[in-house]
Amino acid sequence: MDCILLNADYYLEEETDINVHRYTVRDDARMHTHDFIEIAYISGGRGTHRIGGRDYGVKKGDLVILNAFVPHQFQSEADDPLVIYNCVFLPPAIDQDKKESSNFVHVACDYLFHSFYDKDASRDFIWMRGIRPADVEPILREMLDEREKRRDGYRQVLKSDLMRLLIFIFRLYKEDAGQAQNASAYKELIVQNTLIYMRENCGKDIRLEELAGRAYVSKGYLSRIFKEVSGQTVIHALQEIRMDKACTLLEKTNYTVSEVAAQVGYADMKYFYTLFSQLFGATPGEYRDKKIRDQH
(Lines give C-alpha, C1' and ligand atoms only; values in the text may rest on other atoms or scores of the structure.)
Protein backbone atom coordinates (compact mmCIF):
# COMPACT_ATOMS: atom_id res chain seq x y z
CA MET A 1 0.00 0.00 0.00
CA ASP A 2 1.27 3.46 -0.88
CA CYS A 3 2.34 5.64 2.03
CA ILE A 4 2.32 9.42 1.68
CA LEU A 5 4.67 11.71 3.58
CA LEU A 6 3.16 14.66 5.42
CA ASN A 7 5.67 17.45 5.90
CA ALA A 8 5.84 19.68 8.99
CA ASP A 9 6.14 22.77 6.77
CA TYR A 10 2.51 22.28 5.71
CA TYR A 11 1.12 22.10 9.25
CA LEU A 12 3.56 24.18 11.29
CA GLU A 13 4.61 27.75 10.64
CA GLU A 14 7.93 27.37 12.48
CA GLU A 15 9.77 24.65 14.37
CA THR A 16 8.32 25.72 17.74
CA ASP A 17 4.75 25.94 16.41
CA ILE A 18 1.93 23.69 17.66
CA ASN A 19 -1.10 22.75 15.55
CA VAL A 20 -4.39 21.21 16.69
CA HIS A 21 -7.38 20.04 14.69
CA ARG A 22 -10.42 17.78 15.11
CA TYR A 23 -11.76 15.60 12.33
CA THR A 24 -13.90 12.58 11.49
CA VAL A 25 -12.15 9.65 9.81
CA ARG A 26 -13.73 8.97 6.41
CA ASP A 27 -13.33 6.12 3.95
CA ASP A 28 -10.66 8.00 2.04
CA ALA A 29 -8.13 7.99 4.92
CA ARG A 30 -4.74 6.87 3.60
CA MET A 31 -1.64 5.26 5.06
CA HIS A 32 0.77 8.07 5.79
CA THR A 33 3.83 9.09 7.75
CA HIS A 34 5.13 12.47 8.88
CA ASP A 35 8.25 14.23 10.12
CA PHE A 36 6.66 15.53 13.34
CA ILE A 37 5.30 14.07 16.60
CA GLU A 38 1.55 13.48 16.75
CA ILE A 39 -0.79 13.08 19.71
CA ALA A 40 -4.10 11.55 18.62
CA TYR A 41 -7.00 11.32 21.08
CA ILE A 42 -10.13 9.37 20.10
CA SER A 43 -13.08 11.47 21.27
CA GLY A 44 -15.72 9.30 19.63
CA GLY A 45 -16.41 6.25 17.49
CA ARG A 46 -14.72 2.91 16.93
CA GLY A 47 -12.28 1.65 14.37
CA THR A 48 -8.80 0.38 13.60
CA HIS A 49 -5.39 2.01 13.76
CA ARG A 50 -2.84 0.35 11.52
CA ILE A 51 0.71 1.09 12.70
CA GLY A 52 3.69 -0.39 10.90
CA GLY A 53 1.67 -3.18 9.33
CA ARG A 54 -0.22 -4.21 12.48
CA ASP A 55 -3.86 -3.42 13.28
CA TYR A 56 -5.01 -2.15 16.68
CA GLY A 57 -8.65 -1.73 17.66
CA VAL A 58 -9.41 1.81 18.86
CA LYS A 59 -12.37 3.47 20.50
CA LYS A 60 -13.37 6.53 22.48
CA GLY A 61 -10.90 7.26 25.27
CA ASP A 62 -7.80 5.90 23.51
CA LEU A 63 -4.75 8.09 23.07
CA VAL A 64 -1.62 7.46 21.03
CA ILE A 65 1.59 9.45 20.72
CA LEU A 66 3.32 8.69 17.42
CA ASN A 67 6.98 9.25 16.74
CA ALA A 68 8.06 10.83 13.47
CA PHE A 69 8.30 8.66 10.34
CA VAL A 70 5.96 5.92 11.57
CA PRO A 71 3.56 4.69 8.83
CA HIS A 72 0.01 4.58 10.15
CA GLN A 73 -3.64 4.83 9.13
CA PHE A 74 -6.96 5.22 10.97
CA GLN A 75 -10.03 3.38 9.67
CA SER A 76 -13.55 3.82 11.06
CA GLU A 77 -16.27 1.28 11.72
CA ALA A 78 -18.99 1.95 9.12
CA ASP A 79 -21.71 2.63 11.69
CA ASP A 80 -19.59 4.51 14.24
CA PRO A 81 -16.91 6.74 12.63
CA LEU A 82 -13.87 7.79 14.59
CA VAL A 83 -13.65 11.40 15.76
CA ILE A 84 -10.09 12.41 16.55
CA TYR A 85 -8.28 15.36 18.11
CA ASN A 86 -4.81 15.74 16.61
CA CYS A 87 -2.01 17.75 18.19
CA VAL A 88 1.18 17.93 16.12
CA PHE A 89 4.55 19.50 16.91
CA LEU A 90 8.30 19.15 16.48
CA PRO A 91 10.73 18.44 19.37
CA PRO A 92 11.86 22.11 19.63
CA ALA A 93 8.34 23.03 20.81
CA ILE A 94 8.99 20.89 23.89
CA ASP A 95 12.68 21.70 24.30
CA GLN A 96 11.99 25.44 24.36
CA ASP A 97 9.40 25.08 27.12
CA LYS A 98 11.68 22.78 29.11
CA LYS A 99 14.29 25.53 29.21
CA GLU A 100 11.75 28.07 30.37
CA SER A 101 9.87 26.03 32.96
CA SER A 102 10.41 23.84 35.98
CA ASN A 103 12.62 20.80 36.28
CA PHE A 104 9.48 18.68 36.48
CA VAL A 105 8.79 19.42 32.82
CA HIS A 106 12.27 18.07 32.03
CA VAL A 107 11.54 14.89 33.93
CA ALA A 108 8.03 14.43 32.50
CA CYS A 109 9.00 14.98 28.85
CA ASP A 110 12.25 13.04 29.05
CA TYR A 111 10.47 10.11 30.69
CA LEU A 112 7.58 10.18 28.26
CA PHE A 113 9.70 10.40 25.11
CA HIS A 114 12.68 8.40 26.35
CA SER A 115 11.64 5.28 24.45
CA PHE A 116 11.45 7.23 21.19
CA TYR A 117 15.18 7.90 21.30
CA ASP A 118 16.57 4.98 23.31
CA LYS A 119 18.77 3.09 20.85
CA ASP A 120 18.52 -0.06 22.97
CA ALA A 121 14.72 -0.04 23.32
CA SER A 122 13.30 2.35 20.78
CA ARG A 123 9.55 2.53 20.21
CA ASP A 124 7.42 3.96 17.44
CA PHE A 125 4.46 4.93 19.59
CA ILE A 126 2.99 5.19 23.09
CA TRP A 127 -0.54 3.83 23.52
CA MET A 128 -2.93 4.51 26.37
CA ARG A 129 -6.54 3.41 26.82
CA GLY A 130 -9.56 4.43 28.85
CA ILE A 131 -8.73 8.12 29.30
CA ARG A 132 -11.79 10.06 30.43
CA PRO A 133 -12.87 12.77 27.97
CA ALA A 134 -13.28 15.22 30.87
CA ASP A 135 -9.55 14.92 31.60
CA VAL A 136 -8.17 15.82 28.18
CA GLU A 137 -10.90 17.24 25.93
CA PRO A 138 -11.13 20.62 27.71
CA ILE A 139 -7.40 21.11 27.09
CA LEU A 140 -7.67 20.04 23.46
CA ARG A 141 -10.75 22.19 22.86
CA GLU A 142 -8.97 25.23 24.26
CA MET A 143 -5.94 24.52 22.07
CA LEU A 144 -8.18 24.16 19.02
CA ASP A 145 -9.97 27.41 19.82
CA GLU A 146 -6.70 29.28 20.34
CA ARG A 147 -5.24 27.95 17.12
CA GLU A 148 -8.30 28.85 15.08
CA LYS A 149 -8.91 32.34 16.51
CA ARG A 150 -5.24 33.34 16.95
CA ARG A 151 -5.91 35.98 19.55
CA ASP A 152 -3.09 37.88 21.24
CA GLY A 153 -0.86 35.48 23.11
CA TYR A 154 -2.30 32.35 21.51
CA ARG A 155 1.12 30.78 20.99
CA GLN A 156 1.88 31.03 24.71
CA VAL A 157 -1.48 29.45 25.56
CA LEU A 158 -0.81 26.61 23.12
CA LYS A 159 2.60 25.91 24.66
CA SER A 160 1.18 26.00 28.16
CA ASP A 161 -1.67 23.66 27.21
CA LEU A 162 0.71 21.25 25.50
CA MET A 163 2.74 21.04 28.70
CA ARG A 164 -0.45 20.42 30.71
CA LEU A 165 -1.44 17.67 28.31
CA LEU A 166 1.97 16.01 28.37
CA ILE A 167 2.19 16.15 32.15
CA PHE A 168 -1.26 14.57 32.45
CA ILE A 169 -0.24 11.80 30.04
CA PHE A 170 3.05 11.37 31.89
CA ARG A 171 1.27 10.84 35.21
CA LEU A 172 -0.92 8.09 33.77
CA TYR A 173 1.91 6.55 31.78
CA LYS A 174 4.23 6.36 34.78
CA GLU A 175 1.64 4.38 36.75
CA ASP A 176 0.85 1.98 33.88
CA ALA A 177 2.82 -1.19 34.55
CA GLY A 178 2.24 -2.36 30.97
CA GLN A 179 4.24 0.49 29.44
CA ALA A 180 7.92 0.37 28.48
CA GLN A 181 9.00 2.78 31.18
CA ASN A 182 9.08 1.96 34.85
CA ALA A 183 9.86 3.41 38.27
CA SER A 184 13.57 2.84 37.76
CA ALA A 185 13.66 5.02 34.64
CA TYR A 186 11.71 7.73 36.46
CA LYS A 187 14.19 7.76 39.35
CA GLU A 188 17.17 7.88 37.00
CA LEU A 189 15.72 10.83 35.10
CA ILE A 190 15.08 12.78 38.31
CA VAL A 191 18.67 12.18 39.44
CA GLN A 192 20.15 13.02 36.03
CA ASN A 193 18.17 16.26 35.80
CA THR A 194 19.20 17.15 39.35
CA LEU A 195 22.86 16.61 38.46
CA ILE A 196 22.50 18.73 35.32
CA TYR A 197 20.95 21.55 37.32
CA MET A 198 23.71 21.39 39.94
CA ARG A 199 26.43 21.48 37.27
CA GLU A 200 24.84 24.46 35.53
CA ASN A 201 24.19 26.37 38.77
CA CYS A 202 26.98 25.28 41.11
CA GLY A 203 27.91 28.89 41.82
CA LYS A 204 24.52 29.55 43.38
CA ASP A 205 23.21 28.76 46.84
CA ILE A 206 21.67 25.34 46.13
CA ARG A 207 19.57 23.72 48.81
CA LEU A 208 17.95 20.31 49.00
CA GLU A 209 14.53 21.94 49.35
CA GLU A 210 15.00 23.70 46.02
CA LEU A 211 16.20 20.57 44.21
CA ALA A 212 13.27 18.53 45.51
CA GLY A 213 10.82 21.29 44.62
CA ARG A 214 12.10 21.47 41.06
CA ALA A 215 11.33 17.76 40.60
CA TYR A 216 8.02 17.96 42.51
CA VAL A 217 9.11 15.34 45.03
CA SER A 218 9.81 15.44 48.77
CA LYS A 219 13.28 16.06 50.21
CA GLY A 220 13.33 12.59 51.71
CA TYR A 221 12.37 10.93 48.42
CA LEU A 222 14.99 12.85 46.46
CA SER A 223 17.70 12.03 49.00
CA ARG A 224 16.75 8.36 48.96
CA ILE A 225 16.62 7.86 45.19
CA PHE A 226 19.70 10.02 44.62
CA LYS A 227 21.77 7.71 46.83
CA GLU A 228 20.12 4.67 45.27
CA VAL A 229 20.86 5.75 41.67
CA SER A 230 24.19 7.59 41.99
CA GLY A 231 25.73 5.87 44.99
CA GLN A 232 26.36 9.17 46.78
CA THR A 233 24.42 11.77 48.71
CA VAL A 234 23.18 14.99 47.13
CA ILE A 235 25.60 17.01 49.29
CA HIS A 236 28.61 14.92 48.29
CA ALA A 237 27.65 15.10 44.61
CA LEU A 238 27.35 18.88 44.80
CA GLN A 239 30.69 19.15 46.57
CA GLU A 240 32.30 17.00 43.88
CA ILE A 241 30.81 19.15 41.10
CA ARG A 242 31.97 22.35 42.79
CA MET A 243 35.48 21.06 43.48
CA ASP A 244 35.89 19.79 39.92
CA LYS A 245 34.96 23.24 38.62
CA ALA A 246 37.27 24.88 41.18
CA CYS A 247 40.16 22.78 39.86
CA THR A 248 39.36 23.78 36.30
CA LEU A 249 39.26 27.48 37.24
CA LEU A 250 42.53 27.23 39.16
CA GLU A 251 44.20 25.57 36.18
CA LYS A 252 42.79 27.66 33.33
CA THR A 253 42.05 31.14 34.69
CA ASN A 254 43.78 33.90 36.60
CA TYR A 255 41.03 34.20 39.19
CA THR A 256 42.20 34.63 42.74
CA VAL A 257 41.40 31.82 45.15
CA SER A 258 38.60 33.86 46.70
CA GLU A 259 37.15 34.51 43.23
CA VAL A 260 37.32 30.81 42.45
CA ALA A 261 35.54 29.99 45.70
CA ALA A 262 32.78 32.47 44.87
CA GLN A 263 32.44 31.05 41.35
CA VAL A 264 31.68 27.61 42.76
CA GLY A 265 29.28 28.70 45.48
CA TYR A 266 31.46 29.04 48.60
CA ALA A 267 31.32 32.32 50.52
CA ASP A 268 33.11 30.87 53.57
CA MET A 269 36.78 30.86 52.59
CA LYS A 270 37.86 28.83 55.61
CA TYR A 271 35.41 26.08 54.74
CA PHE A 272 36.48 26.17 51.07
CA TYR A 273 40.17 25.82 52.02
CA THR A 274 39.42 23.00 54.46
CA LEU A 275 37.26 21.04 52.02
CA PHE A 276 39.67 21.52 49.11
CA SER A 277 42.66 20.42 51.19
CA GLN A 278 40.82 17.34 52.44
CA LEU A 279 39.96 16.26 48.91
CA PHE A 280 43.21 17.06 47.11
CA GLY A 281 45.85 17.03 49.83
CA ALA A 282 46.90 20.57 49.00
CA THR A 283 45.61 24.12 49.38
CA PRO A 284 44.10 25.77 46.28
CA GLY A 285 47.27 27.83 45.84
CA GLU A 286 49.51 24.78 46.13
CA TYR A 287 47.30 22.91 43.66
CA ARG A 288 47.58 25.75 41.12
CA ASP A 289 51.38 26.04 41.55
CA LYS A 290 51.81 22.30 40.99
CA LYS A 291 49.70 22.38 37.83
CA ILE A 292 51.75 25.28 36.48
CA ARG A 293 55.01 23.41 37.19
CA ASP A 294 53.66 20.27 35.53
CA GLN A 295 52.95 22.24 32.35
CA HIS A 296 56.55 23.32 32.03
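What comes next concerns the included structure. The numbering scheme is per chain: residues are counted from 1 as the chain's sequence reads. With pLDDT at 70 or above as the cut-off, local features in this predicted model cover only qualifying residues; side-chain atom pairs require 80 or more to be listed or tallied, and sums for whole chains, interfaces and linings still use all residues. Water and hydrogen atoms play no part in the side-chain values, which are based on all heavy atoms of the structure.

So, the pairing of strand β7 (residues 63-66)
Link 1 in the chain: Burial of the side chains of β7 extends over both faces: L63 and I65 are buried on one face and V64 and L66 on the other.
Link 2 in the chain: One requirement defines pairing of two strands: DSSP has to find at least two bridges between them. For helices the rule is a DSSP run of H or I covering at least 4 residues; for strands it is a run of E covering at least 2, with both sets numbered from the N terminus onward. As defined by bridge partners, β7 adjoins strand β10 (residues 125-128) across four bridges and the pair is classed as antiparallel. By the bridge assignment for β10, V64 is matched with W127. A simple rule labels every residue: compare its accessible area, found with a 1.4 Å probe on the protein chains alone, to the largest value its type can have, and call it buried under 20%, exposed over 50%, or partly exposed in between.

Some details on the packing of helix α4 (residues 133-149) against helix α5 (residues 154-175)
Link 1 in the chain: Note on geometry: axes are lines fitted to C-alpha atoms, helical ones only across the stretch in contact, with angles between N-to-C directions running from 0 to 180 degrees. One can describe the packing of α4 onto α5 by two numbers: an axis separation of 9 Å at closest approach and a directional angle of 160 degrees. The orientation of α4 with respect to α5, classified from their angle, is roughly antiparallel. Like other packed secondary-structure pairs, α4 and α5 cross with a definite hand, here left-handed. For the pair α4 and α5, contact is made by D135, V136, I139, L140, E142, M143, E146 and R147 and by Y154, V157, L158, D161, L162, R164, L165 and F168, respectively.
Link 2 in the chain: In this count, Pro and Cys sit with the nonpolar residues alongside Ala, Val, Leu, Ile, Met, Phe, Trp and Tyr, while Asp, Glu, Lys and Arg are called charged and the others, Gly among them, polar. Partitioned by chemical class, the residues of the contact of α4 with α5 number 10 nonpolar, no polar and six charged. Here the word oblique covers every angle except those under 35 degrees (roughly parallel), over 145 (roughly antiparallel) and from 65 to 115 (roughly perpendicular). Less than a right angle of anticlockwise turn of the near helix away from the far helix marks a crossing as left-handed, whereas a clockwise turn marks it as right-handed. Only heavy atoms matter for contacts: two residues are in contact if any of them lie within 4.5 Å across the pair.

Re the environment of A237
Link 1 in the chain: Secondary-structure assignment places A237 in helix α9 (residues 234-252).
Link 2 in the chain: Sequence separation between A237 and L195 is 42 residues, and the spatial gap between their C-alpha atoms is 7.9 Å.
Link 3 in the chain: When near neighbours in sequence (up to four residues on either side) are disregarded, A237 contacts L195, M198, F226 and Q232.

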